[in-house]
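The lines below spell out each chain.
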Amino acid sequence: MAWTGKILRVDLTKGSVDVEPLNMEWAQAYLGQRGLATKYLVEEIDPKCDALGPDNKLIMATGPLTGTMASTGGRYSVICKSPLTGAVACSNSGGFIGAEMKNAGWDMIIFEGKAPQPVYLHIENDKAQLLPADEIWGTSVWATDEWLHKRHQDPALRIAAVGRSAEQGCLYSVVINDLHRAAGRSGVGTVMASKNLKAVAVRGTLGVGNIKDPARFMKETAEAKQILAENAVTGQGLPTFGTQVLMNVINEIGAMPTRNMREVQFEGAHKISAEAMAEPRKTDGKPNLTTNAGCFGCTIACGRISTIDRTHFTIENKPQYWGNSGGLEYEAAWAMGSDTGVDDLDAVTYANFVCNEDGVDPISFGATVAAAMELYENGHITDKETGGVAFKFGSAEALAKAVELVATGEGFGKDLGLGSKLLCEKYGQPDLSMTVKGQEFPAYDPRGIQGMGLAYATSNRGACHLRGYTVASEVLGIPEKTDPLVTEGKAGLVKAFQDATAAFDSSGLCIFTSFAWTLENVAPQLDAACEGAWSPENLAELGERVWNLEREFNLKAGLTAADDTLPKRLTTEKANTGPAEGKVSGLSEMLPEYYELRGWTKDGQLTKETRQRLGL
Amino acid sequence: MKITLKLYATLGERLPPGAYENAAQIDVAPDVTLNDIIDRYKVPRELAHLVLINGLFTCEEDRDRPGTLSEGDTLAIWPPVAGG
Ligand code: SF4
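What you see is a predicted model; the values in this text were computed from it and never measured.

### Things to note about the overall build of chain B
Point 1. Counting secondary structure elements, chain B contains 1 helix and 5 strands.
Point 2. Helices and strands appear in chain B in the N-to-C order β-β-α-β-β-β.
Point 3. Rg of the C-alpha trace for chain B: 12 Å, near the compact-globule value of 12 Å for 84 residues, within the 12% margin.
Point 4. Taking the principal axes of the C-alpha coordinates as reference, chain B spans close to 35 × 30 × 20 Å.
Point 5. Residues counted as buried form 52% of the 84 residues belonging to chain B.

This is how it looks when you write it as structure tokens:
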């Protein structure tokens, strides 16, 4: 079956922990992780509830392939209503805790209510209990991790925790697991902290049994691993250069959002790229990149482990940052680098370390700092608000100070913790916020990659690249090359990517496998592991069902078609250099066709036929 | 004529001496094809995956056609890569 068939329901208000069976009928329709947990959320909470109130629930969910021998089968997701967007939130993370949860015998943990005092959940296989967290409340994720390992005298304990930023209400706080892996977007960490839940510590030694056809599963997973190994991207590109290899690509094609998306190319891109990370530094002769790293069961290993030069201004006299730690991914490097105009690789790496240490989403953080820099340069905020820090584009000092303030919620960090949308509204300049549905953009300018404009505008969790990554086709030629500068054909492309991604995200596998695998490669692995008949076609339909379910949640939460939009800057201010020079996003050319393909009305509502067809 | 050649990721080491930030100025004949340059710098053709002239993608069919480059152009090449 691959599912364990068991859910842990934790009522934080009452302090109770109960076991219940997984709804297997729903598992057939929604698979696991993103899809299945969203189904539970939709059934159990009022979409209009206060995201930071006790009526919101927080679900940690694995997929059926999590914890199995499938490559990258270590994923889990955190699902809740988002405080940043008011929409559904679902943030996916790798590392090891997802597999550990599954090995302890749990498909999902549902947290409800709010604990009267700070607590953490300790799980050892089928034993689960809430324990006091007063001693770790007010400390960072890293300090919490260390304390829990000591407290339980168990070096193999896997830990997910929130940092001080979440406790202080920063709206884009994350849940960090295994020290530097993050369920990163939409403020899921803020929701966890709002429940007075500091951490989840798991030890699972039961193994993942219940595979439908073990011999076939071994064969299918081995064949699929072979495909990853032989593919140039998953076999060589990602392990060697990580996602950061995109820095120079996206800059060259003129889709690198720069200085709060005023420009589309960054003159300092090379200095913060994968190529630069591999070069020995002039100062200490060591490269920024130490090695690559992999999540549970992953045969790709795209992760980065980095060091900062000890004499760099950010960590001089701070030995806690002198060792190896989680290095830059492209999204983090872009947001904290080119979007803020900072080309100091070690400063951006430092900001990344602090984001991991205290549980901050580096994308939303970087983009919010970029907005603050534009507000500062335009005179809408001054030294009075920033506490004397000159928030100028390109200032590594301002970036380093900003991350420290957001991590602890001090001073101007409170304003920055609002996110770009509320910050810009607070200072009377809403048009300077580069967000969709209140969530900050990732690293692709929709003027230079037209499909991404539609993907952002329609993403169910606000601006996001991981809901429909048409960059793969429009820029990288996977599975086939399309022209990034045109809008024709993009509605169908976006829909296909969105649906397939929702299926990957519900399985327990990493979306990066999709650079080599399609649903054709995922289906046989699922079919060998899980009850039911799993084909590429029904996985695509399942993805579409998940997409529409999320959409319905958002509509009930009060979002409308008017929220499927982009900031004015991207639809009115032309790209000023590069291949996209003179272009704006052609969102309005794509959106009506997209609604039609989705089977929605002109105002973005699901029709009765669509609901029936998908069994909603 | 002079153009800028940029080779990235695993191809970087194939650049001529003196390259800076993965870019080098090179001299080419006016009727040069992209595959002439790809071969001259010993880039295996199957690794010349993403080939951009001034940021615009050039498909495989155009790589044997002279006249695709002009003085001052930038030719940038990557092996198959991806990120997120
Ligand atoms: S490809 Fe990268 S992010 Fe995905 S599971 Fe492997 S190491 Fe983790």
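### Points about the pairing of strand S6 (residues 108-112) of chain A
All names here are of chain A.
Point 1. A large share of S6 lies buried, amounting to 5 of its 5 residues.
Point 2. Here S6 shows no split at all, with Met108, Ile110 and Glu112 on one side and Ile109 and Phe111 on the other all buried.
Point 3. Of the strand pairs in this sheet, strand S1 (residues 6-11) and S6 are connected by 5 bridges, and their pairing is parallel. Counted as the bridge partner of aspartate 11 is glutamate 112 from S6.

### Here's the deal with the interface of chain B and chain A
Where interface size is quoted, it is often the accessible area lost as the parts come together.
Point 1. Chain B puts 22 residues into the contact, and the matching count from chain A is 29 residues.
Point 2. Buried surface at the junction of chain B and chain A, both sides included, amounts to about 2000 Å², of which 66% is carbon and sulfur.
Point 3. Linking chain B to chain A there are 2 salt bridges.
Point 4. Salt-bridge contacts for A:Lys271 lead to B:Glu21; the nearest nitrogen and oxygen are separated by 3.4 Å.

### Here's the deal with the confidence of the model for chain B
Point 1. Per-residue confidence for chain B averages 96 on the pLDDT scale, and 100% of its residues sit at or above 70.
Point 2. Note on the complex model: pTM 0.98, ipTM 0.98.

### Some points on the pairing of strand S5 (residues 74-78) of chain B
Residue and element names in this part refer to chain B.
Point 1. The buried fraction of S5 amounts to 5 of the 5 residues, a majority that puts the element mostly inside the structure.
Point 2. Burial along S5 is two-sided: the face carrying Thr74, Ala76 and Trp78 and the face carrying Leu75 and Ile77 are both buried.
Point 3. Pairing analysis gives 4 bridges linking strand S1 (residues 2-7) to S5, with the strands arranged parallel. Bridging across to S5, lysine 6 finds its partner in alanine 76.
Point 4. Examined bridge by bridge, strand S3 (residues 50-53) and S5 share 4 bridges and lie antiparallel to one another. Each bridged residue has a counterpart across the sheet, and for leucine 52 the counterpart in S5 is alanine 76.

### Here we look at the domain arrangement of chain A
Residues and elements named next belong to chain A.
Point 1. Domain boundaries assigned for chain A yield domain 1 (6-203), domain 2 (242-439) and domain 3 (447-614).
Point 2. Taken over C-alpha atoms, the centre of domain 1 sits 26 Å from the centre of domain 3.
Point 3. Facing the 36 residues of domain 1 at the interface are 36 residues of domain 3.
Point 4. Both sides of the domain 1 and domain 3 interface together cover about 2900 Å² of buried area, and 62% of this is carbon and sulfur.
Point 5. Summed over the shared surface of domain 1 and domain 3, the result is 2 salt bridges.

### A closer look at the layout of surface pockets
Residues and elements named next belong to chain A.
Point 1. Each pocket or cavity is described by its volume, and for the second largest pocket that value is around 720 Å³.
Point 2. In terms of lining, the second largest pocket is formed by 26 residues, of which the most central are Glu275, Ala276, Glu279, Pro280 and Arg281.
Point 3. When residues of the lining of the second largest pocket are traced back to their parent elements, those giving at least two are helix H10 (274-278) and helix H12 (345-358).
Point 4. Among the elements that make up the lining of the second largest pocket, the one with the highest residue count is H10 (3 residues).
Point 5. When the residues that make up the lining of the second largest pocket are grouped by side-chain class, the tally is 9 nonpolar, 6 polar and 11 charged.

### With respect to the sheet that holds S1(B)
All names here are of chain B.
Point 1. Here 5 strands make up an open sheet; going across it, the order is S2-S1-S5-S3-S4 and the pairing mixed. Across the chains shown, the open sheet's two edge strands, defined by having one partner strand only, are strand S2 (23-27) and strand S4 (56-57).
Point 2. With 2 bridges connecting them, S3 and S4 associate as antiparallel partners. Considered in S4, the bridge of leucine 52 is made with phenylalanine 57.

### Description of the packing of aromatic side chains
Pairs of aromatic rings are described using the distance from one ring centre to the other and the angle between the two planes.
Residue and element names in this part refer to chain A.
Point 1. Counting across every chain of the model gives 14 aromatic pairs over all chains.
Point 2. Here the aromatic rings of tyrosine 594 and tryptophan 600 are separated by 5.7 Å at their centres, their planes lie at 85°, and the arrangement is edge-to-face. In this structure, tyrosine 594 and tryptophan 600 share a single accessibility class: buried.
Point 3. Aromatic ring contacts, followed pair by pair, group Tyr330, Tyr444, Tyr469, Phe512 and Phe515 into a single cluster.
Point 4. The aromatic ring of tryptophan 106 is capped on one face by lysine 6, whose charged end is 4.2 Å from the ring centroid.
Point 5. Taking NZ or CZ as reference, lysine 198 lies 5.9 Å from the ring centre of tryptophan 137, over its face.

### A word on the side chain of A:Asp564
Residue and element names in this part refer to chain A.
Point 1. Summarising the element assignment, aspartate 564 is placed in the loop between helix H22 (536-557) and helix H23 (568-572).
Point 2. Within the local environment of aspartate 564, its side chain forms a polar contact with the side chain of lysine 437, the two groups lying 3.0 Å apart.
Point 3. Other than its neighbours up to four places away in sequence, aspartate 564 contacts Lys437, Ala457, Thr458, Arg551, Leu587, Leu591 and Tyr595.

### Considerations on the pattern of salt bridges
Residue and element names in this part refer to chain A.
Point 1. With the rule as written, the count across this model stands at 48 salt bridges over all chains.
Point 2. Aspartate 358 is paired through a salt bridge with arginine 164; the nearest N and O atoms lie 2.7 Å apart. In this pair, aspartate 358 is assigned in helix H12 and arginine 164 in helix H5 (residues 164-167), connecting sequence segments 194 residues apart.
Point 3. Residues joined in a network through salt bridges with shared partners are Lys212, Arg216, Lys219, Glu220, Glu223 and Asp527.

### Regarding the site of the ligand
All names here are of chain A.
Point 1. Close to the ligand lie Thr72, Arg75, Arg181, Ala293, Gly294, Cys295, Cys298, Ile300, Ala301, Cys302, Cys510 and Phe512, which account for all nearby residues.
Point 2. Of the residues in the shell around the ligand, the class split is 8 nonpolar, 2 polar and 2 charged.
Point 3. The residue makeup of the shell around the ligand includes at least three contributed by each of domain 1 (6-203) and domain 2 (242-439).

### Quick notes on the nonpolar core
All names here are of chain A.
Point 1. With 180 residues, the main nonpolar core has Ile250, Phe365, Phe391, Tyr444 and Leu476 as its most contacted residues.
Point 2. With near-sequence residues (within four places) excluded, isoleucine 250 lies in contact with Ala255, Met256, Tyr330, Ala443, Tyr444, Ile449, Val471 and Val475.
Point 3. Ranked by size, the runner-up nonpolar core spans 32 residues in total, among them Cys80, Leu121, Ala166 and Ala183.

### Some details on helix H15 (residues 396-408) of chain A
Residue and element names in this part refer to chain A.
Point 1. A rise of 1.5 Å per residue sets the reference length of H15, with its 13 residues, at 18 Å; its end C-alpha atoms lie 19 Å apart and thus fit the reference within 8%.
Point 2. Of all 13 residues in H15, 10 are buried, a share of seventy percent or more.
Point 3. What H15 keeps buried is the set Ala396, Ala398, Leu399, Ala400, Ala402, Val403, Leu405, Val406, Ala407 and Thr408.
Point 4. Looking at the buried positions of H15, the neighbouring elements they touch are H5, helix H11 (330-338), H12, helix H13 (362-377) and helix H16 (413-416).
Point 5. Phi for glycine 409, located one or two positions after H15, is positive at around 70°.

### Remarks on the sheet that holds strand S13 (residues 289-293) of chain A
Residue and element names in this part refer to chain A.
Point 1. Strand order across the open sheet formed by 3 strands is S13-S14-S15, with antiparallel pairing between neighbours. Edge positions in the sheet fall to S13 and strand S15 (325-326), since each of these pairs with one other strand and no more.
Point 2. Bridge analysis of strand S14 (residues 303-306) against S15 gives 2 bridges, and the strand direction is antiparallel. Residue pairing across strands places serine 306 opposite serine 325, the latter belonging to S15.

Parameters and conventions
- Residues numbered from 1 in each chain as written.
- Chains lettered and ligands numbered in written order.
- Predicted model: local features only at pLDDT ≥ 70, side-chain atom pairs only at ≥ 80, totals over all residues.
- Heavy atoms only, no water.
- Helix = DSSP H or I, 4+ residues; strand = E, 2+ residues; numbered from the N terminus.
- Rg over C-alpha atoms; globule rule 2.2 N^0.38 Å.
- Buried < 20%, exposed > 50% of the residue type's maximum accessible area, 1.4 Å probe, protein only.
- Pairing = 2+ DSSP bridges.
- Contact = heavy atoms within 4.5 Å.
- Buried area = accessible area lost by both parts, 1.4 Å probe.
- Salt bridge = Lys/Arg side-chain N within 4 Å of Asp/Glu carboxyl O.
- pLDDT = per-residue confidence, 0-100.
- Domains from an automatic or database assignment.
- 1 Å grid on protein atoms, 1.4 Å probe; cavity = no way out; pocket = protein on both sides within 12 Å on 5 of 7 lines; lining within 4 Å.
- Points joined across faces, edges and corners; volume = space filled by probe spheres on them.
- Nonpolar A, V, L, I, M, F, W, Y, C, P; charged D, E, K, R; others polar.
- Phe/Tyr/Trp six-rings, centres within 6.5 Å; stacked < 30°, edge-to-face > 60°.
- Lys NZ or Arg CZ within 6 Å of the ring centre and 35° of its normal.
- Polar contact = N/O pair within 3.5 Å; in protein donor to acceptor, adjacent residues only side chain to side chain.
- Near = heavy atom within 4 Å.
- Core = buried A, V, L, I, M, F, W, Y, C linked by side-chain atoms within 4.5 Å.
- Expected span 1.5 Å × (residues − 1).

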